Amino acid sequence: MSEQENIDLQKLTQKELLLVTYREVQSLSATVASYNKEQAQLRERVAVVETKVKISGMLWGSIAGAVVAGLFTLFFSLFK
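Note that this is a predicted model, so its numbers are computed, not measured.

Cut-off values and rules
Residues numbered from 1 in each chain as written. Predicted model: local features only at pLDDT ≥ 70, side-chain atom pairs only at ≥ 80, totals over all residues. Heavy atoms only, no water. Helix = DSSP H or I, 4+ residues; strand = E, 2+ residues; numbered from the N terminus. Rg over C-alpha atoms; globule rule 2.2 N^0.38 Å. Buried < 20%, exposed > 50% of the residue type's maximum accessible area, 1.4 Å probe, protein only. Areas by Shrake-Rupley, 256 points an atom, 1.4 Å probe, with all protein chains shown as cover. Lys, Arg positive; Asp, Glu negative; His and termini not counted. Charge placed at Lys NZ, Arg CZ, Asp CG, Glu CD.

### Overview of the overall build of the protein
Here comes step 1: The helix and strand tally for the protein stands at one helix and zero strands.
Here comes step 2: For 80 residues, the compact-globule estimate of 2.2 N^0.38 gives 12 Å, and the C-alpha radius of gyration of the protein, at 31 Å, exceeds that figure by more than 25%.
Here comes step 3: Overall, the C-alpha framework of the protein stretches about 100 × 15 × 15 Å when taken along its three principal axes.
Here comes step 4: Expressed as a percentage of its 80 residues, the buried residues of the protein come to 1%.
Here comes step 5: About 7,500 Å² of surface is accessible on the protein, with carbon and sulfur atoms providing 65% of the total.
Here comes step 6: Mean positive and mean negative side-chain charge positions of the protein (9 and 8 charges, respectively) differ by 16 Å.

Now the structure itself:
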């Protein structure tokens, strides 16, 4: 129930209370649905970022491995 609606719940009939409750439940359901949609979008974004981080890590690991292998090769060829 919004703050703009000043309904005295004590004066309502059972049917009117059910209608007010139904309207509030519908409002809350819409809010939850929008939060669920936002959560799904955020999960997708997190999955994309995690994938990019993993790929970046593998790339940097490969580059570091190639550099170290090159340095070892150079080092051993100098002292051969």
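### Observations regarding the environment of Glu16
Here comes step 1: Considering the arrangement of structural elements, one finds Glu16 in helix α1 (residues 14–78).
Here comes step 2: For the pair Glu16 and Ala69, spaced 53 residues apart in sequence, the C-alpha separation works out to 79 Å.

### Considering the environment of Ser29
Here comes step 1: As for its placement among the helices and strands, Ser29 is situated in helix α1.
Here comes step 2: Look at Ser29 and you get partly exposed, because its relative accessible area is 40%.
Here comes step 3: Each C-alpha atom of the pair Ser29 and Lys54 lies 37 Å from the other, and the pair is 25 residues apart in sequence.

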